[in-house]
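Summary of the model geometry
Each chain, letter by letter, is given below.
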Amino acid sequence: MRTRVFIYFILLSFGVSSSVLLSGCRTRKGSQKAAEVESKAQEISALLDSLDLEFEYLQSESEEKVKKEGDFQPSYTRYFRLIHTQLELRPVWDSAWMEGKATLMLSPWFYPQDTLVLDAKGFDIHKIRLGTSETSLEYTYENRKQIHIALGKTYTREDTIKITIEYTAKPNDLKQGGSSAIRSDKGLYFINPDGKNPDRPQQLWTQGETEASSCWFPTIDAPNQKTSQEVWITVPDSFISLSNGRKMKSMNNPDGTRTDYWKQDLPHAPYLFMLAAGKFSHVSDFWRNIPVDYYVEPEYEKYAKMIFGNTPEMIEFFSKKFNFDYPWDKFSQIVVRDFVSGAMENTSAVIHFDALQQDSFSHRDGSYEGIIAHELAHHWFGDLVTAESWAQICMNESFATYSEYLWKEYKYGLSEAEQELENNLSIYLAESRSKMKPLVRHHYHSREEVFDSHSYQKGACLLHYMRSELGDDAFFEGLSQYLKKRKFNTVEMEDLRLVLEEITGRDLKLFFDQWFYSSGHPIVEVNYAWDETENQAEIIVRQVQYAPRIEVYTLNLSAAIYQGDEVKLIPLHISSRDTIFRIPLSVKPDVMVLDHAMVLPGKIEEYREGEEWLFLAKSARRDRQRIRAIEQLMSDVNDEVVFECLLGIAKDKQQWNGVRTSALEALSFYDGDFRKVLLTELKPLLQDTITDVRYMAYALLNQHLEGMDETERLEIFSLSEWVSLFETGLKDSSYNILSEALSGIYTIDTVAGLKVAHSLSHYTNETLGASIIRIYRKASDPALVPFLVRSIRTVEGYSRMMYLGLLGMHIEAGLSVGNAILILNLLKDMAIFSDSPRQRIQAIGVMEIMIEELPAYKPDIFEYLEQRLGKEKEEDVLRRIRSMLEE
Ligand SMILES: [Zn+2]
């Protein structure tokens, strides 16, 4: 699974309060600003973590510890072995139900059994039979979560039994759960089920992880089960269906429906079962002789190859990198509406969230190829070898996240890949401010907790460090052997350790204990000195972290010694709190750098003079080091030497674009005397061949423009020159640049800017939309309300929440609401059709503002809400409606 990526920094520019904005992680291409981890984090860790790996759970745990960390969570005991699952499914669209008949083949795992317990959440059960017998079996189903079936006799592990269950699944009756990675857990989702909402397609899709497949078919819903499967799904003939495995045949039915038969012979875990249906365009591709398919809404058919076209190359790359050919029947990817996560690695049938449906402009601004690589890599790490319990989820997620690095390293080079790793480290370090957990995590309150930046981002950094520790050959051979040894089976971290020990001949117990079974991370302070009398360089290292189980980390890092054009790499072994390395040299080095390759999964705090940062910004051998140096120089950007250095980097087309955009970002803070020089020299960058560079150049131009009065502006460029610069931007094929150009024109000339905003208002891109909304708001333009209303109808998820919030603010500020009926109809639709209860609550909240500001609409709104009381099922939404009606 991949968590959603939100590019929502644009929304902050509205000055929208944080209560309107919901959680999400800010990403901005070219931005390298790592989240600063306060030293307090170490103290917090003491409160949060003290998991002792020495199987402390065998002793009685103190109540306090359980409260703090949650109970010990073992793998599920396997009473039965799930062997095969047959499903005959018929969605009931009007009521968002699923009529099903499931036939399960099972065998007692080891001990004889006379009762079978199956997970089945929120079903109406019609009949349960054994084998071909017509006689029903006795069962109890008290909590509507698990069926306890009396088998009538005791079976041994020599026996195989077949159980058939006829049922109706009613996912919307289930109480909602979920996590930060997966917003909901009702397993089966209908979008616009009755087809009455004209703004949205009719779709259904499923989401099994963690244990929600049992919301649509009865199973043993545990990651340590593996079953082959057959699915018959009946859909309207105009719909496609998609499930795991191969489509064996399709049968037309007399009632205008069609039944598709899907089959997967290779076993996989129940949480990887998948189903989707709706009107999609299907674009075919191939890897070797294996079908690779892309399913998107019809209007994105022409972009499908642009979005997914690197997939066959990716399958080839991973097959070779892991020395294990892609093992499944096919590889399909489908983009659905309102998905509860970023994407999900259902075996051979990945579901993506709708942000992947990009046109060429938005694709140029940033693709989602990382997500595609992540889900594909799960087909080895997760689907082929599966974490045997949620405590071991890092065995899936750390590897999938690190595979994003591997793909970038291969396809786009080391600098791109290292930027990915830097982002991963920053995200983990930011999370470590509030929690520090071991990667293998047997204590938690809810299994959804483990889907965090430890299991994903920190895990990726740890694997990268392990690769540097073992060497490429040992690391990749280890991965390959591990896959071969454990294929179609479950895994724990120990499986990997044993394979790597076998290969390398090394004992890795302490290594794994330090990195995977302990919480926290090293924080290394480093000072560099030159001893003139002895002619030796000194690297003075002190470990200052507080990590509960690790007093001192054992680290292997390389140091780089820069002398003119030469760089000497020296391996350093650190195994105490304080270490001084003395390196004899003939002359004083220009700069020394500990952890030259930046592999440390932790922090390095360096103390150096500004000129050393300047040297590194210009000459460090790794671009990631250069960006770190540029960030250090940002606060001194007004210094003439720093200014010259950054300007030189930004202009130099030989440099990697990540370094150039970092320099541009730093220069946007310049407010010294050479503004004219800066903007004149950077003018050619507005037409650079690299989109990111053009975008950052426009962003810089705007930032300076806004910081100047009219006289200053005209000293730099004439009015017609300013206009012409931004007009060039308006012809660009990037929404980011269009958006910057529009803002620029509006700053120069509000009348012209407003006119341009109107001319661009047919686009549905959110970045550009945000600029248009900002201008409409500033100009109090009557087009604002219709534009907001249209945007709210077309965007999804968090953006919709944000726009609803803006609409509320707009009404609250007492501004002209234009067509109030238009707004009211929108809010009514949102309160009915929005699949997310939070969106429905938000829409009702805006109705409340509307009543306050425009009391004439109160009777209408109250009448509407009273009707909703009888139809709304979600308790939170009902509570909101009732509280409003009571006021
Ligand atoms: Zn994942």
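Before reading on, note that the structure itself is shown above.
A short tour of the structure in this document, coming up. (Residues numbered from 1 in each chain as written. Predicted model: local features only at pLDDT ≥ 70, side-chain atom pairs only at ≥ 80, totals over all residues. Heavy atoms only, no water.)

Side note on the overall build of the chain
Here is the rule we go by: By the criteria applied, helices consist of DSSP H or I runs no shorter than four residues and strands consist of E runs no shorter than two, each listed in order from the N terminus. Any residue under 20% of the maximum accessible area for its type is buried, any over 50% is exposed, and the rest in between are partly exposed; the area is computed with a 1.4 Å probe on protein chains only. By the convention used here, residues are in contact when the closest approach between their heavy atoms is within 4.5 Å. Here the open area of atoms and residues is found with the Shrake-Rupley method and a 1.4 Å probe, where only the protein chains shown may cover a residue. Two residue types count as positive, namely Lys and Arg, and two as negative, namely Asp and Glu; His and chain ends fall outside the count. For charged residues, the charge sits on one atom: NZ in Lys, CZ in Arg, CG in Asp, CD in Glu.
Assigned secondary structure in the chain consists of 30 helices and 28 strands. Along the first, second and third principal axes, the C-alpha set of the chain runs to 90 × 75 × 55 Å. Among the 887 residues that make up the chain, the fraction classed as buried is 59%. Considering only residue pairs separated by 6 or more positions, the chain has 69% of its internal contacts joining residues 24 or more positions apart. Of the roughly 35700 Å² that the chain leaves accessible, carbon and sulfur atoms contribute 48%. Taking the average location of the 99 positive side-chain charges in the chain and that of its 133 negative ones, the two points are 4 Å from each other.

Here we look at the coordination of the zinc ion
Spelled out, the test is: Metal donors were taken as nitrogen, oxygen and sulfur atoms no farther than 2.8 Å from the ion, or 3.2 Å where the ion is Na, K or Ca. Water is excluded, so coordination may look unfinished.
Donor atoms from the polypeptide that coordinate the zinc ion comprise Met1 (N), Met1 (O), His374 (NE2), His378 (NE2) and Glu397 (OE), at 2.0 to 2.4 Å from the metal. Counting gaps between the donor residues of the zinc ion yields the pattern M-x372-H-x3-H-x18-E. Of this pair, His378 sits in the loop between α7 (369-377) and β20 (385-387) while Glu397 sits in helix α8 (residues 394-412), placing them 19 residues apart in sequence. For the pair His378 and Glu397, one class covers both residues: buried.

Points about the packing of α8 against helix α10 (residues 454-470)
Note the cut-off: Only the stretch in contact is used when fitting a helix axis, every axis being a line fitted to C-alpha atoms; angles between N-to-C directions are given from 0 to 180 degrees. Helix crossings get a hand from a simple test, with the near helix turned counterclockwise from the far one by less than a right angle marking a left-handed crossing and a clockwise turn marking a right-handed one. Put simply, Ala, Val, Leu, Ile, Met, Phe, Trp, Tyr, Cys and Pro go in the nonpolar bin, Asp, Glu, Lys and Arg in the charged bin, and everything else, Gly too, in the polar bin.
Where α8 contacts α10, the two axes come as close as 7 Å, and the packing angle between them is 65 degrees. Considering how the two elements wind past one another, α8 and α10 form a crossing that is right-handed. Here Cys394, Glu397, Ser398, Phe399, Thr401, Tyr402, Tyr405, Leu406 and Glu409 of α8 lie close against α10, whose contacting residues are Ser455, Tyr456, Gln457, Gly459, Ala460, Leu463, His464 and Arg467. Its residues placed into classes, the contact of α8 with α10 shows eight nonpolar, six polar and three charged.

Let's talk about the sheet that holds strand β5 (residues 139-140)
How we decide: Two strands qualify as a pair provided DSSP detects at least 2 bridges between them.
With antiparallel pairing, the three strands of this open sheet are ordered in space as β3-β6-β5. Both edges of this open sheet fall to β3 (113-119) and β5, since each of them pairs with a single strand only.

With respect to a negative patch on the surface
Rules: Only residues whose relative accessible area exceeds 30% and that form no salt bridge enter a patch; like-charged residues are grouped when within 9 Å of one another, and nonpolar side chains (Val, Leu, Ile, Met, Phe, Trp, Tyr) when within 5 Å. Here, a salt bridge means any side-chain nitrogen of Lys or Arg that lies within 4 Å of a carboxyl oxygen of Asp or Glu.
Where like charges cluster on the molecular surface, the negative patch consists of Glu812, Glu852, Glu853, Glu886 and Glu887. Looking at the secondary structure, you find Glu852 in helix α28 (residues 837-853).

Let's talk about the environment of Leu137
Along the chain, Leu137 falls in the loop between β4 (123-130) and β5. Leu137 gets classed as buried once you look at its relative accessible area, which sits at 13%. Through-space distance from the C-alpha of Leu137 to that of Gly152 is 7.7 Å; in sequence the pair is 15 residues apart. The residues touching Leu137, leaving out its near neighbours within four places in the chain, are Ile128, Arg129, Leu130, Ile149, Ala150, Leu151 and Ile163.

Description of α7
Along α7, nine of the nine residues are buried, which leaves the element largely enclosed by surrounding structure. Glu369, Gly370, Ile371, Ile372, Ala373, His374, Glu375, Leu376 and Ala377 are the residues of α7 that are buried.

Let's talk about the packing of aromatic side chains
Heads up, the rule is: Aromatic pairing here means that ring centres of Phe, Tyr or Trp (its six-membered ring) are within 6.5 Å. Orientation follows from the plane angle: under 30 degrees is stacked, over 60 is edge-to-face, and everything else is tilted.
Applying the stated criterion across every chain yields a total of 47 aromatic pairs. Their ring planes at 5 degrees and their centres at 6.1 Å tell us that Tyr465 and Phe511 sit as a pair that is stacked. Of this pair, Tyr465 sits in helix α10 while Phe511 sits in helix α13 (residues 509-516); the two residues are 46 residues apart in sequence, bridging distant segments of the chain. Side by side, Tyr465 and Phe511 carry an identical accessibility label, which is buried. Connected via pairs of aromatic rings, a cluster forms that spans Trp287, Phe317, Phe318, Phe322, Tyr326, Phe331, Trp380, Phe381, Phe399, Trp407, Tyr410 and Tyr482.

Section: the side chain of Ser734
Operational definition: Here a polar contact is taken to be a pair of N or O atoms separated by no more than 3.5 Å, where protein atoms must pair a possible hydrogen donor with a possible acceptor and residues adjacent in sequence count only if both atoms sit in side chains.
Secondary-structure assignment places Ser734 in the loop between α21 (719-730) and α22 (735-748). Reaching out from Ser734, the side chain makes a polar contact with the backbone nitrogen of Asn736 at a distance of 3.3 Å.

Concerning helix α9 (residues 414-431)
Defined as follows: The span you would expect from a helix comes to 1.5 Å times its residue count less one.
An ideal rise of 1.5 Å per residue puts 26 Å on 18 residues; α9 measures up with 26 Å between its terminal C-alpha atoms. For α9, the tally of buried residues reaches 13 of 18 residues, placing the bulk of the element in the interior.

Brief notes about the pattern of salt bridges
Taken as a whole, this structure holds 48 salt bridges when the rule is applied. Here Arg608 ties to Glu612 by a salt bridge, and the two come within 2.7 Å at their closest N and O atoms. With a relative accessible area of 12%, Arg608 lands in the buried category. Connected through salt bridges with shared partners, the residues Lys127, Arg129, Glu134 and Glu166 form a single ionic network.

Quick word on the sheet that holds strand β7 (residues 161-169)
Strand order in the open sheet formed by seven strands is β4-β7-β2-β1-β10-β13-β12, with mixed pairing between adjacent strands. Of all strands in the sheet, those with a lone pairing partner are β4 and β12 (246-252), marking the two edges. Averaged over all adjacent pairs, the angle separating strand axes in this sheet is 15 degrees, with direction ignored. Note: strand β1 (residues 80-92) against strand β10 (residues 227-236), six bridges, orientation parallel. The partner of Leu89 across the bridge, within β10, is Ile233.

Let's talk about the pairing of strand β9 (residues 203-206)
Burial along β9 is two-sided: Gln203 and Trp205 facing one way and Leu204 and Thr206 facing the other are all buried. With four bridges joining them, strand β8 (residues 188-191) and β9 adopt antiparallel strand pairing. Looking across to β9, one finds that Ile191 is bridged to Gln203. Relative to strand β14 (residues 275-278), β9 is paired through three bridges, and the arrangement is antiparallel. Bridge pairing in β14 places Trp205 opposite Ala276.

A look at the packing of α9 against α10
Note the threshold: Under this scheme an angle from 65 to 115 degrees is roughly perpendicular, one under 35 degrees roughly parallel, and one over 145 degrees roughly antiparallel; angles in between are oblique.
Two elements in contact, α9 and α10, have axes separated by 8 Å at closest approach and are oriented at 130 degrees. Between α9 and α10, the crossing angle belongs to the class labelled oblique. For the element pair α9 and α10, the recorded crossing hand is left-handed. Within the contact between the two elements, α9 uses Leu421, Asn424, Leu425, Ile427, Tyr428 and Glu431 and α10 uses His454, Gln457, Lys458, Ala460, Cys461 and His464. Of the residues in the contact of α9 with α10, the class split is six nonpolar, four polar and two charged.

Re the pairing of strand β2 (residues 97-108)
As paired strands, β1 and β2 are joined by twelve bridges and run antiparallel to one another. The partner of Gln86 across the bridge, within β2, is Thr103. Between β1 and β2, which follow one another and run antiparallel, lie four residues, and Ala96 among them has a positive phi close to 55 degrees. Here nine bridges tie β2 to β7, and the two strands are oriented antiparallel to one another. Paired with Leu106 across the bridge in β7 is Ile161.

Quick look at the environment of Ser241
Following the sequence through the fold, Ser241 ends up in strand β11 (residues 240-243). Given the relative accessible area of 2%, Ser241 is considered buried. For the pair formed by Ser241 and Thr259, sequence separation is 18 residues and the distance between their alpha carbons is 9.0 Å. Apart from residues lying up to four places away in sequence, Ser241 is in contact with Ile233, Val235, Arg258, Asp260, Trp262, Ala276 and Ala277. Only 2.7 Å separates the side chain of Ser241 from the side chain of Asp260, close enough to count as a polar contact.

Side note on the environment of Arg713
Relative to the helices and strands, Arg713 is located in helix α20 (residues 710-716). By relative accessible area, Arg713 is classed as buried at 15%. What Arg713 contacts, discounting residues up to four positions off in sequence, is Leu705, Glu706, Met708, Trp722 and Thr747. Among the polar contacts made by the side chain of Arg713, one reaches the main-chain carbonyl oxygen of Met708 at a distance of 3.3 Å.

A few points about the side chain of Lys458
As for its position among the elements, Lys458 is in helix α10. Those residues in contact with Lys458, other than ones at most four positions away along the chain, are Tyr428, Lys437, Leu439, Ser453, Ser518, Ser519 and Gly520.

Structural notes on unusual backbone geometry
Backbone torsion omega between Glu209 and Thr210 reads 10 degrees, so that peptide bond is classified as cis. Structurally, Thr210 can be placed in the loop between β9 and β10. In this model, Ala96 sits at a positive phi of 55 degrees, which is unusual for a non-glycine residue. Topologically, Ala96 is positioned in the loop between β1 and β2. Here Met598, not a glycine, exhibits a phi torsion of approximately 55 degrees, which is positive. We classify Met598 as buried; its relative accessible area is 3%.

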